[in-house]
Amino acid sequence: MLSKLLIANRGEIALRILRAAKELKIPTVAAYSEADKDLMHVKMADESICIGPADSSQSYLNIPAIISAMELSGSDGVHPGYGFLSENPDFAEKVEKSGFDFVGPSASVIRMMGNKVSAKEFALKSGLPIVPGSSGAVDENVHEEAEKLGYPVIIKAASGGGGRGMKIVYSPEELDSAIELTQQESAVAFGDSTVYLEKFLENPRHIEVQVLADRHGNIIHLGDRDCSLQRRHQKVIEEAPALGIKEEKRQEIYEQCIEACRQLDYVSAGTFEFLYENDNFYFIEMNTRIQVEHPVTESVTGIDLVKLQLRIARDEEIKIKQEDIVLKGHAIECRINAENSETFLPSPGKILEYHAPGGIGVRMDSHLYKDYVVPPYYDSLIAKVICRANDREDARARLERALDEMYVLGIDTNLEMHRKLINDPNFINGTFNINYLENLNKEK
Ligand code: ADP
């Protein structure tokens, strides 16, 4: 089991997975597109195999190509990373049916939690608090339901992801057209036009809970993260633990997440995402995969989540007991993108010079190196800078120092935006919610 691992992803997460596999002495195969032959993990893997052209629909999203790559390379397990096929139940099913191990939960769990309507139905049944909304997809009662919830409401695509497939509706007159538009957009983007209705929470924070479960019934949580700083519903800065949550509330939501995992027969790493407003949690979705922001949790718990995912896929037991998990200090992560700090336009190109920050408490997850060419075809994430210290202010100051040290020449990056943001008084004081960054950008 997992005698050879195929990494079906790219960039920093592919490197992250490769490093974990190496520490477990699992031979690795990097599956890469024609545009990615120079990626750092492709050079470092024991073997590599091209799975198709640059266009991800023909490579990283191409299920037959990846299964063939597993067969050809003699891999018996696959780590999907995040994005791409990581939450595609058909892929997980195909892997399972081919007799290989999928590093993640079962295809049926991915299918249920991947659809936000069935995920909310499950959450409600399992006892998790959910955002009030339509029971299931919108139907002829939608006007009545919206009236009952009170405007503003939000129309969301059942298969939506990456912050897309959402429309806020402020009045009954806008409702029908918002539904139609979201249905159309969602059909094109996600191949599913199902939409549902939710109360639009006006100033919540985004708080999520990390869980880990094995095939032997052991389930633990690794605390929470605050991912409220977002642009276009996508996370920009994340931190652990979340600030200002009453201990009692915290323990209650952790227990509810563990109970939900038990009912799901959940296996591997997973995240329950909530909006948090006026001391209340509201479930929005579950991610059945490793997340971009997992290093902040690793930094405060000292636990290697990716290594544990691999161990769990090998049927090993999680040996860490809940009571052994003690959070140490505070960690903050900045997502560094190849994009302009002002216009947010993508900026692919050749890295002419590059310096990674270092020193105590600084972690850099990046696949960059001098002369590497950032291709234009994929997500613009090029690095994650994570700092941990004994308290939040020290972690913030450390991050400020680390970002000052870092430079990337040859392409535009959003480093400057991060430097400004972590010096913003509201960031320093922790007084922000999910609208904060958008409002700040509007003010410019
Ligand atoms: P995705 O799968 O695209 O990430 P989510 O359902 O996780 O979508 O929501 C992403 C973000 O969108 C949330 O963190 C929040 O900022 C915003 N959002 C989603 N639902 C609501 C809601 N009911 N009220 C207010 N904001 C919301």
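Up top you'll find the structure we're talking about.
Residues numbered from 1 in each chain as written. Predicted model: local features only at pLDDT ≥ 70, side-chain atom pairs only at ≥ 80, totals over all residues. Heavy atoms only, no water.

A. Quick look at the sheet that holds strand β12 (residues 268–277). With antiparallel pairing, eight strands are arranged side by side in an open sheet as β13-β12-β9-β10-β11-β14-β19-β17. The sheet is open, and its two edges are formed by β13 (280–287) and β17 (362–366), each paired on a single side. Taken over all neighbouring pairs, the strand axes of this sheet differ in orientation by 25° on average, direction set aside. Against the sheet, helix α9 (residues 247–264) engages β9 (205–213), β10 (219–231), β12 and β13, with an angle of about 110° to β10. (Pairing = 2+ DSSP bridges. Helix = DSSP H or I, 4+ residues; strand = E, 2+ residues; numbered from the N terminus. Axes fitted to C-alpha atoms, helices over the stretch in contact; angles between N-to-C directions. Contact = heavy atoms within 4.5 Å.)

B. Up close: helix α3 (residues 63–73). Among the residues of α3, Ile63, Ala65, Ile66, Ile67, Ala69, Met70 and Ser73 are the ones counted as buried. Contacts made by the buried residues of α3 are with β1 (5–7), β2 (28–33), β3 (47–52), β4 (77–79) and α4 (89–97). Structurally, the start of α3 carries an N-cap: the backbone nitrogen of Ala65 is 3.1 Å from a side-chain oxygen of Asn62. One or two positions beyond α3, positive phi appears at Gly74, with a value near 70°. (Buried < 20%, exposed > 50% of the residue type's maximum accessible area, 1.4 Å probe, protein only. Polar contact = N/O pair within 3.5 Å; in protein donor to acceptor, adjacent residues only side chain to side chain.)

C. Layout of the environment of Ser73. If you trace the backbone, Ser73 turns up in helix α3. Given a relative accessible area of 9%, Ser73 falls into the buried group. Along the sequence, Ser73 and Ile312 sit 239 residues apart, while their C-alpha atoms lie 22 Å from each other. Once residues within four sequence positions are removed from consideration, Ser73 is found in contact with Lys4, Leu6, Val29 and Glu47. At 3.4 Å, the side chain of Ser73 and the backbone oxygen of Met70 are in polar contact. A polar atom in the side chain of Ser73 sits 2.7 Å from the side chain of Ser75.

D. Geometry of the sheet that holds β4. Ordered in space as β3-β2-β1-β4-β5, the five strands form an open sheet in which the pairing is parallel. Looking at the sheet topology across the chains shown, the edges are occupied by β3 and β5 (101–102). Pairing analysis gives three bridges linking β1 to β2, with the strands arranged parallel. Its bridge partner lying in β2, Leu6 is registered against Val29.

E. Quick peek at the nonpolar core. Formed by 95 residues in total, the largest nonpolar core has its most connected members in Leu5, Leu6, Phe91, Leu212, Ile237, Leu310 and Ile336. Here this core takes seven residues from helix α1 (residues 11–23), the largest share from any one element. Filtering out sequence-adjacent residues up to four positions away, Ile237 remains in contact with Asp226, Cys227, Leu229, Ile332, Glu333, Cys334, His418, Leu421, Ile422 and Phe427. Residues Val209, Ile245, Tyr266 and Met286 belong to the second largest nonpolar core, which totals 27 residues. (Core = buried A, V, L, I, M, F, W, Y, C linked by side-chain atoms within 4.5 Å.)

F. Representation of the packing of aromatic side chains within the structure. Under the counting rule described, the total for this entry stands at 11 aromatic pairs. On the numbers, 5.8 Å between centres and 15° between planes, the contact of Phe427 with Phe432 is stacked. For the residue pair Phe427 and Phe432, the accessibility class agrees, reading buried in each case. Three or more aromatic residues joined by ring pairs make a cluster, and in this case those are Phe272, Phe274, Tyr276, Phe281 and Phe283. The positively charged end of Arg231 is found above the aromatic ring belonging to Phe344, 3.6 Å away from the centroid. One Lys or Arg, Arg392, reaches over the ring of Phe427 and ends 4.6 Å from the middle of that ring. (Phe/Tyr/Trp six-rings, centres within 6.5 Å; stacked < 30°, edge-to-face > 60°. Lys NZ or Arg CZ within 6 Å of the ring centre and 35° of its normal.)

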